[in-house]
Amino acid sequence: MPSHHHAIPNRRARAIRAIAENSGARGRPAAPALTDETAVLGLMDLDCVDTAFERLTSAFASDREVLHAVACKAVPLPSLLRRFAAAGAGCEVASPGELELALSAGFAPDRIVFDSPAKTWAELRRAVDLGVSINVDNFDELTRLDTILSGRNDLAASARIGIRINPQSGTGAIGALSTATETSKFGIGLADPGAREAVIEACLARPWLGQIHVHSGSQGISLDKAAVGIRAAVDLAEEINSRASTRRITRIDIGGGLSVNFDGENVTPTFADYRAVLDKHVPGLFDFDIVTEFGRALLAKAGTILTRVEYAKTTGGRRIAMTQAGVQVATRTAYAPNDWPLRILPFTPAGNPKTAEAADTEIVPTDVAGPACFSGDLLARNRMLPRLEAGDLVAVPETGAYYFSNPFSYNLLPRVPIFGYRTAPDGGTEFFLIRRVQTIAEVLAEAGEPELRPLSSDDRDSAAEPIARVG
Ligand SMILES: Cc1ncc(COP(=O)(O)O)c(C=O)c1O
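Everything numeric here is computed off the predicted structure, so don't read it as measured data.

## Some remarks on the sheet that holds strand S1 (residues 40–45)
Okay, so step 1: Pairing is mixed across the open sheet formed by six strands, whose spatial order is S14-S17-S11-S1-S18-S19. Across the chains shown, the open sheet's two edge strands, defined by having one partner strand only, are strand S14 (345–347) and strand S19 (429–435). Averaged over neighbouring strand pairs, the angle between their axes works out to 25 degrees when direction is ignored.
Okay, so step 2: Pairing of S14 with strand S17 (residues 393–397) involves three bridges; the strand directions are antiparallel. The partner of Leu345 across the bridge, within S17, is Ala395.
Okay, so step 3: Against the sheet, helix H2 (residues 46–59) touches S1, strand S18 (418–423) and S19, its axis set at about 75 degrees to S18.

## So, the site of the ligand
Okay, so step 1: By nearness alone, 14 residues border the ligand, and Ser218, Gly257, Glu293, Arg296 and Tyr402 come closest of all.
Okay, so step 2: Side-chain polar atom of Glu293 to a nitrogen atom of the ligand: 2.6 Å apart, as the coordinates give it.
Okay, so step 3: Tyr402 places a polar side-chain atom, nitrogen or oxygen, 2.6 Å from an oxygen atom of the ligand.
Okay, so step 4: With the chains in place, 90% of the 400 Å² that the ligand exposes on its own is no longer accessible.
Okay, so step 5: Its residues assigned to classes, the shell around the ligand comprises three nonpolar, five polar and six charged.

## Details of the UniProt feature "active site" (unreviewed entry) in the chain
Okay, so step 1: With numbering matched to this structure, UniProt assigns "active site" (unreviewed entry) to Cys373.
Okay, so step 2: Of note, Cys373 is situated in the loop between strand S15 (363–369) and strand S16 (378–386).
Okay, so step 3: Judged by relative accessible area, which is 58%, Cys373 ranks as exposed.
Okay, so step 4: With near-sequence residues (within four places) excluded, Cys373 lies in contact with Tyr410 and Asn411.

## Description of the environment of Phe404
Okay, so step 1: By the element assignment, Phe404 lies in the loop between S17 and S18.
Okay, so step 2: Accessibility expressed as a relative area gives 1% for Phe404, which makes it buried.
Okay, so step 3: Each C-alpha atom of the pair Phe404 and Val329 lies 4.6 Å from the other, and the pair is 75 residues apart in sequence.

## Thoughts on the UniProt feature "modified residue: N6-(pyridoxal phosphate)lysine" (unreviewed entry) in the chain
Okay, so step 1: The UniProt entry lists Lys73 under the feature "modified residue: N6-(pyridoxal phosphate)lysine" (unreviewed entry), expressed in the numbering used here.
Okay, so step 2: Positionally, Lys73 belongs in the loop between strand S2 (66–71) and helix H3 (78–86).
Okay, so step 3: Filtering out sequence-adjacent residues up to four positions away, Lys73 remains in contact with Glu92, Ala94, Glu98, Tyr402 and Asn406.
Okay, so step 4: At 3.2 Å, the side chain of Lys73 forms a polar contact with the side chain of Glu92.

## Thoughts on the pairing of strand S3 (residues 90–93)
Okay, so step 1: Taking every second residue as pointing to the same face, both faces of S3 are buried, with Gly90 and Glu92 on one and Cys91 and Val93 on the other.
Okay, so step 2: Where S2 lies against S3, three bridges are found, and the strand directions are parallel. For Ala71, the partnering residue across the bridge sits in S3 and is Glu92.
Okay, so step 3: Crossover connection from S2 via H3 to parallel S3: handedness right-handed.
Okay, so step 4: Note: S3 against strand S4 (residues 112–114), three bridges, orientation parallel. Bridged to Glu92 within S4 is Val113.
Okay, so step 5: Following the chain from S3 across helix H4 (residues 96–104) to the adjacent parallel S4, one finds a crossover that is right-handed.

## Some remarks on a nonpolar patch on the surface
Okay, so step 1: A cluster of nonpolar side chains, Leu412, Ile440 and Leu444, forms an exposed patch at the surface whose accessible area comes to about 310 Å².
Okay, so step 2: The class of Leu444 is exposed, set by a relative accessible area of 53%.

## Looking at the sheet that holds strand S13 (residues 318–322)
Okay, so step 1: Pairing in this open sheet of four strands is mixed, and the strands run S12-S13-S15-S16 from one edge to the other. The open sheet is flanked by strand S12 (311–315) and S16, the only strands paired with a single partner. Here the average twist between neighbouring strands, direction ignored, is 25 degrees.
Okay, so step 2: Bridge count between S13 and S15: four bridges; the pairing is parallel. Across the sheet, Arg319 pairs through a bridge with Thr366, a residue of S15.

## Things to note about the environment of Glu37
Okay, so step 1: Following the sequence through the fold, Glu37 ends up in the loop between helix H1 (4–24) and S1.
Okay, so step 2: Taking the C-alpha atoms as reference, Glu37 lies 35 Å from Gly90; in sequence the two are 53 residues apart.

## Here we look at the domain arrangement of the chain
Okay, so step 1: As assigned here, the chain comprises domain 1 (4–44 + 301–447) and domain 2 (46–299).
Okay, so step 2: The distance between the C-alpha centroids of domain 1 and domain 2 comes to 33 Å.
Okay, so step 3: Every contact between the two is made by 30 residues of domain 1 and, on the other side, 27 residues of domain 2.
Okay, so step 4: Summed over both sides, the interface between domain 1 and domain 2 buries roughly 2,600 Å², with carbon and sulfur atoms accounting for 58% of that surface.
Okay, so step 5: Its largest share of buried area at the contact with domain 2, domain 1 owes to Lys301, Trp340 and Tyr402, together 25% of the area lost on that side.
Okay, so step 6: For the pair domain 1 and domain 2, the number of links is five salt bridges.
Okay, so step 7: If you tally residues by element for the side of domain 1 that touches domain 2, the top one is H1, at six residues.
Okay, so step 8: Here the side of domain 1 that touches domain 2 is composed, by residue class, of 13 nonpolar, eight polar and nine charged.

## Overview of the packing of aromatic side chains
Okay, so step 1: Applying the stated criterion across every chain yields a total of eleven aromatic pairs.
Okay, so step 2: Judged by centre distance (5.2 Å) and plane angle (10 degrees), the ring pair of Tyr335 and Phe374 falls under stacked. Separated by 39 residues along the polypeptide, Tyr335 in helix H11 (residues 331–335) and Phe374 in the loop between S15 and S16 bring together distant segments of the chain.
Okay, so step 3: Accessibility expressed as a relative area gives 48% for Tyr335, which makes it partly exposed.
Okay, so step 4: Under the relative-accessibility criterion, Phe374 is labelled partly exposed at 23%.
Okay, so step 5: A connected cluster of aromatic rings, assembled from ring pairs, spans Phe60, Phe271, Tyr274, Phe286 and Phe294.
Okay, so step 6: The ring of Trp340 is capped by Arg332, whose NZ or CZ atom sits 5.5 Å from the centre of that ring.

Calculation notes
Residues numbered from 1 in each chain as written. Predicted model: local features only at pLDDT ≥ 70, side-chain atom pairs only at ≥ 80, totals over all residues. Heavy atoms only, no water. Pairing = 2+ DSSP bridges. Helix = DSSP H or I, 4+ residues; strand = E, 2+ residues; numbered from the N terminus. Axes fitted to C-alpha atoms, helices over the stretch in contact; angles between N-to-C directions. Contact = heavy atoms within 4.5 Å. Near = heavy atom within 4 Å. Polar contact = N/O pair within 3.5 Å; in protein donor to acceptor, adjacent residues only side chain to side chain. Areas by Shrake-Rupley, 256 points an atom, 1.4 Å probe, with all protein chains shown as cover. Nonpolar A, V, L, I, M, F, W, Y, C, P; charged D, E, K, R; others polar. UniProt positions renumbered as here; feature names shortened; annotations may be inferred. Buried < 20%, exposed > 50% of the residue type's maximum accessible area, 1.4 Å probe, protein only. Right-handed = clockwise from strand over helix to strand, strands pointing away. Patch = residues over 30% accessible without salt bridge, like charges linked within 9 Å, V, L, I, M, F, W, Y side chains within 5 Å. Salt bridge = Lys/Arg side-chain N within 4 Å of Asp/Glu carboxyl O. Domains from an automatic or database assignment. Buried area = accessible area lost by both parts, 1.4 Å probe. Phe/Tyr/Trp six-rings, centres within 6.5 Å; stacked < 30°, edge-to-face > 60°. Lys NZ or Arg CZ within 6 Å of the ring centre and 35° of its normal.

Right under this line is the structure:
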């Protein structure tokens, strides 16, 4: 087994031990600690993030330009995005907030790719003004761009505008994440009657359309299925170029979607596996410039949610570990547990892995529960774990994408703090603050208008001031 299979769990174990030691220390901890104010932590292994990006870059080496645009939605955290920008990545964004975050994290406009499927006029104008790359979702959006671009000769030379196709190649293992079904909301369905010809004519009529975009879905899409979608994009680009008798389409955006192994430490499939499948099934791809938009494959393995067992009880024969980590950090797992199972790694209060033998206890069916007021608020259900006690720690790995960076505010639970960690040259573990814990004042500010304005002008509330009165 290559040694890198152990690097991630080893670094994670060292970080957890350091946090456990801090948590027991008296006084205010200088380093991350599990306290009453921070009873859930998000942890990011920065060495793992760096390594994943290096592996991606070397797996997709090409004679042509390759832009690896990290999917902002997977990790909308400024300092991590800044790190990707410094490493030479681009950024894929899908909303005005993500666009501004990418700019403030230091991505140059020509390294940003804007992909929302429902862009407003204002969003399109802003994107055109900035010169970011835009992937158009449908023919109506193309018509809006015609209007915005008409009379403008100043379209930034860097702006590469593409059109998103749906290869209609079918569903992956997770329906809600499959974007290449027959009726998916994304892109133009190429197999629909007349659609392919309409896309070709739209491209031939618009010299500024130079890119084809395809993203067949995330997590649960096989490499072969992803290759079928990319093949459709490349075939289309080649046909457009041959009918135009010139290289109109210069770049293929292959999206993201490489699956993550959530049931063990192995990284599988790898970026190199993906490259091998593409070389075999779509060699023509590498005649074009390429954009990728990976999220989870770059980040999931780096993340760990760490919490402590506040209380433990047994109900109906089920051990239940009550923690502060639930739907606010693991929304997908709480609401769709069968699609998004997570591993649970138990640790002792001192931060050592808890095994049944070492703790002299049994393996029992366990639910790891969160603090929110609905019974589905579980990180794991009916999992065979060493009997957990109050004070034990619970680590939830593979949560570096779409988990603690994408909070859910039910019960006004605050956003959890996030720390990065890396191995220092002397072998110690360095911690960095990525996001503070959200304060209760910030939670209240988010809840609604801070001035308590009465909501009716009946006798009870003579001070009410409607913002508008009609009729
Ligand atoms: C257009 C597009 N690109 C990239 C991604 C990132 O996907 P993943 O995190 O699976 O790589 C998504 C995910 O929703 C997407 O919709």
